[in-house]
Amino acid sequence: MMNITKKDILVILPLAILLLLGIVMVASSSIYVGDNMSSNPFHFAQKQILFVAIGLIVLAIFLMIPSDFFYRTDWIFMLLSICLLFILFIPEFGTSVKGSIRWIRFGSIGIQPSEICKFSLILYISGYCVRRMSEIDSLRSFLKPLTLLFLISVLILAQPDLGSTAIICVLSVGILFYAGISFKQFCILVLLIAVLGYLAITTSPMRMARVLAYTDPFDIEVVQNAGWQLSNSLISIGQGGWFGLGLGNSIQKSFFLPEAHTDFIFAILVEELGLLGGLLMILLFVLLFIGLVLISFDSFKKEKFFQGYVVFGVFLLFAIQTIFHIAVNIGLVPTKGLTLPFVSYGGTSIIIVLALMGIVLRINYENKFL
């Protein structure tokens with residue numbers, strides 16, 4: 001008989017519902033864009049189904065791989081990610097979209113290296129923390145991951161992609177702090193990230209415009225420029241009320257709100273399913289996060305430190321990205337393109353998050369049976 005535990009239910013059930021919800025919301029939010037782009041209203045929905053199918057196959061493959069394999073090969077994944085970030089700037093491979101070079105094209109296949117980098121960084125930082133556990137708070141052990149983080153941040157900022165850079169920095173610092181770096185080192189890292197973030201914003205007119213738009217998104221001059229996305233996102237959420245306009249009945253998705261099926265899918269979800277629908281989706285994420293934390297704690301109890309750090313890193317990645325996505329949609333932080341895990345449209349993103357879930361489920365299996 002299968003030994004199904006509370007942790008299994010807390011992880012698998014929300015995951016399955018979020019994936020189905022994502023397909024439904026991508027189909028609804030992209031219907032006009034898909035029809036305008038390819039004369040097929042379900043163009044993006046069909047591709048999302050394909051991405052989820054590929055992602056589930058990857059999940060199944062990773063589920064069969066012992067977690068110790070990733071501990072031994074974490075540096076290979078990290079090296080591959082850095083190489084992909086460099087390849088991105090080769091004109092024959094890197095593709096520029098709206099002024100940002102974020103995708104590598106191999107024929108009809110597009111890869112987003114920053115998403116792969118998040119995956120690799122979780123494995124590498126987790127492995128590094130285990131290998132240097134006895135000296136993790138020493139200056140030498142502190143500087144090594146910091147140097148790697150600086151290199152990756154520079155390569156991603158050059159795309160430019162401040163949102164992914166911020167997530168990667170917070171993710172790395174979070175795992176290191178959890179592993180036991182001193183509070184002084186933690187404060188230095190936070191201060192350094194804050195200074196770099198300030199410089200990245202103040203030296204870019206586009207980013208400064210988004211910050212100014214965030215302070216008053218409905219100013220007439222702002223709305224017509226940098227505040228267009230945020231103002232329409234807030235209108236979308238405001239129209240939803242408690243119960244929404246009904247699935248498929250969003251007004252803002254009809255070319256008012258850009259990136260409705262990716263960066264602002266939460267706004268469309270609330271507009272169509274209401275505040276109650278948005279709260280239900282948040283509840284699903286909370287249940288998933290609780291399951292991930294329980295698996296991480298279980299790994300540490302069994303002295304499987306690498307596995308514990310990996311699952312904690314996965315939790316941290318999903319939590320940060322979910323919070324940032326929702327915060328951007330409701331106007332709590334300046335506008336920045338970040339997808340909602342499992343729900344937003346995106347090939348590389350869906351496959352990577354499902355690959356991570358495959359590793360998590362493998363670790364949970366090993367905790368029970370091995």
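**Student:** Outline the overall build of the protein chain, listing residues and values.
**Tutor:** Looking only at helices and strands, the protein chain features 14 helices and three strands. Sorting the 370 residues of the protein chain into buried and exposed places 51% on the buried side. Contacts in the protein chain between residues far apart in sequence, at least 24 positions, make up 71% of those at least 6 positions apart. For the protein chain, the accessible area works out to roughly 16,800 Å², and carbon and sulfur atoms hold 73% of it.

**Student:** Which residues make up the nonpolar core, and what values go with them?
**Tutor:** In this structure, Ile 152, Met 281, Leu 292, Phe 318, Phe 342 and Met 357 are the most contacted members of the largest nonpolar core, which totals 94 residues. Those residues in contact with Met 357 that sit more than four places away from it in its chain are Val 11, Leu 15, Leu 59, Leu 288, Leu 292, Phe 318 and Phe 342.

**Student:** Outline helix H11 (residues 228–240), listing residues and values.
**Tutor:** In this model H11 runs 19 Å from its N-terminal to its C-terminal C-alpha over 13 residues, within 8% of the 18 Å that 1.5 Å per residue would give. Phi turns positive one or two residues past the end of H11, at Gly 241, with a value near 60°.

**Student:** Would you mind going over the packing of helix H1 (residues 6–29) against helix H12 (residues 265–301) in detail, with residue names and values included?
**Tutor:** Where H1 contacts H12, the axes come no closer than 9 Å and their chain directions differ by 155°. For the element pair H1 / H12, the angle class is roughly antiparallel. With respect to the hand of their crossing, H1 and H12 are arranged in left-handed fashion. Of the residues that constitute the contact of H1 with H12, the class distribution is 21 nonpolar, three polar and four charged.

**Student:** Go over empty space enclosed by the protein, please, and point to the residues and values.
**Tutor:** Under the counting rule described, the total for this entry stands at one cavity of 30 Å³ or more. Taken as a whole, the largest cavity encloses approximately 50 Å³ of empty space. Lining the largest cavity are Glu 115, Lys 118, Leu 317, Phe 318, Gln 321, Pro 341, Ile 352 and Val 353. Elements that contribute at least two residues to the lining of the largest cavity include exactly helix H5 (113–131), helix H13 (305–329) and helix H14 (347–369). Sorting elements by how many residues they give to the lining of the largest cavity places H13 first, with three residues.

**Student:** Before we move on, can you summarise unusual backbone geometry with the specific residues and values?
**Tutor:** Phi at Ser 39 takes a positive value of approximately 60°, unusual for a residue other than glycine. Within the secondary structure, Ser 39 sits in the loop between helix H2 (31–38) and helix H3 (43–63). Its relative accessible area of 61% is what places Ser 39 among the exposed residues. Positive phi, normally seen in glycine, also occurs at Glu 259, with a value near 55°. In this structure, Glu 259 sits in the loop between H11 and H12. Take Glu 259: its relative accessible area is 24%, and that puts it in the partly exposed class.

**Student:** Got a sec to walk through the packing of aromatic side chains? Specific residues and values, please.
**Tutor:** A ring pair, where both rings are aromatic, is described by two values, the distance of the centres and the angle of the planes. Under the criterion given, the structure shown has 18 aromatic pairs. For the pair Phe 285 and Phe 289, a centre-to-centre distance of 6.0 Å together with 35° between the ring planes defines the contact as tilted. In this pair, Phe 285 and Phe 289 are both assigned in helix H12, four residues apart and thus about one turn of the helix distant. Among the aromatic residues, those joined into a ring-pair cluster are Tyr 178, Phe 285, Phe 289, Phe 300, Phe 305, Tyr 309, Phe 312 and Phe 315.

**Student:** I'd like a description of the side chain of Ser 30, backed by residues and values.
**Tutor:** With respect to the helices, strands and loops of the structure, Ser 30 is situated in the loop between H1 and H2. For Ser 30, a relative accessible area of 0% corresponds to the buried category. Residues contacting Ser 30, with those up to four places away along its chain left out, are Pro 41, Phe 44, Ala 45 and His 261.

**Student:** Summarise helix H4 (residues 67–87); cite the residues concerned and give the values.
**Tutor:** For H4, built from 21 residues, the straight-helix expectation of 30 Å at 1.5 Å per residue is met to within 8% by its first-to-last C-alpha distance of 29 Å. Along its length, H4 shows its largest kink, about 60°, at Thr 73. Among all positions of H4, only Ser 67, Phe 70, Thr 73, Asp 74, Met 78, Ser 81, Ile 82, Leu 84 and Leu 85 are buried.

**Student:** Explain the packing of H13 against H14 to me, using residue names and the numbers behind them.
**Tutor:** In the contact formed by H13 and H14, the axes pass within 10 Å of each other and the chain directions differ by 145°. Crossing handedness for the pair H13 and H14: left-handed. Residues Gln 307, Val 310, Val 311, Val 314, Leu 317 and Phe 318 of H13 touch H14, and the partners they reach there are Val 353, Leu 356, Met 357, Ile 359, Val 360, Ile 363 and Glu 366. In terms of residue class, the contact of H13 with H14 is built from eleven nonpolar, one polar and one charged.

**Student:** Let's hear about a nonpolar patch on the surface: which residues, and what values?
**Tutor:** On the surface, Trp 242, Phe 243, Leu 275, Leu 276, Leu 279, Leu 280, Ile 282, Leu 283, Val 286, Leu 287 and Ile 290 cluster together into a nonpolar patch covering about 1,000 Å² of accessible area. With respect to the helices and strands, the residue Ile 290 is situated in helix H12.

Criteria and cut-off values
Every residue gets a number counted from 1 within its own chain, in the order that chain's sequence is written. A pLDDT threshold of at least 70 governs which residues receive local features in this predicted model, and a stricter bar of 80 or more applies before side-chain atom pairs are shown or counted, although totals over entire chains, interfaces and linings include all residues. Side-chain figures throughout are based on the complete set of non-hydrogen atoms in the structure, without hydrogens or water. The numbering of helices and of strands both runs from the N terminus, where a helix is a DSSP run of H or I of at least 4 residues and a strand a run of E of at least 2. Summary of the burial criterion: residues with accessible area below 20% of their type's maximum are buried, those above 50% are exposed, and those between are partly exposed, where the area comes from a 1.4 Å probe applied to protein chains only. Pairs of residues are marked as contacts when any of their non-hydrogen atoms sit within 4.5 Å. Under the convention used here, a 1.4 Å probe and the Shrake-Rupley method define accessible areas, while residue burial counts only the protein chains that appear. To qualify as a nonpolar core, a set must consist of buried Ala, Val, Leu, Ile, Met, Phe, Trp, Tyr and Cys residues joined through side-chain atoms within 4.5 Å. One less than the residue count of a helix, multiplied by 1.5 Å, gives the span that helix is expected to have. Here an angle of 0 to 180 degrees is reported between the N-to-C directions of two axes, which are lines fitted to C-alpha atoms, with helices fitted over the stretch in contact. Throughout, the term roughly parallel applies to angles under 35 degrees, roughly antiparallel to angles over 145, roughly perpendicular to angles from 65 to 115, and oblique to all others. By convention, the crossing between two helices is left-handed when the near helix turns anticlockwise from the far helix through less than a right angle, and right-handed when the turn is clockwise. Following the grouping adopted for this structure description, the nonpolar residues are Ala, Val, Leu, Ile, Met, Phe, Trp, Tyr, Cys and Pro, the charged ones are Asp, Glu, Lys and Arg, and the polar ones are all others, Gly among them. Residues are called lining when one of their atoms sits within 4 Å of a cavity or pocket point, these points coming from a 1 Å grid over the protein atoms alone, where a cavity is a set in which a 1.4 Å probe fits but cannot get out and a pocket is an open set with protein on both sides within 12 Å along at least five of seven lines. Grid points are joined across faces, edges and corners, and a volume is the space filled by probe spheres set on the points. Aromatic rings from Phe, Tyr and Trp, taking only the six-membered ring of Trp, are treated as a pair when their centres fall within 6.5 Å; an angle between ring planes under 30 degrees marks them as stacked, one over 60 as edge-to-face, and anything in between as tilted. Think of it this way: the bend at a residue is just the angle between two axes, each fitted to seven residues, one set ending at that residue and the other starting at it. To count toward a patch, a residue needs a relative accessible area above 30% and no salt bridge. Like charges then connect within 9 Å, nonpolar side chains (Val, Leu, Ile, Met, Phe, Trp, Tyr) within 5 Å. Here a salt bridge means any side-chain nitrogen of Lys or Arg lying within 4 Å of a carboxyl oxygen belonging to Asp or Glu.

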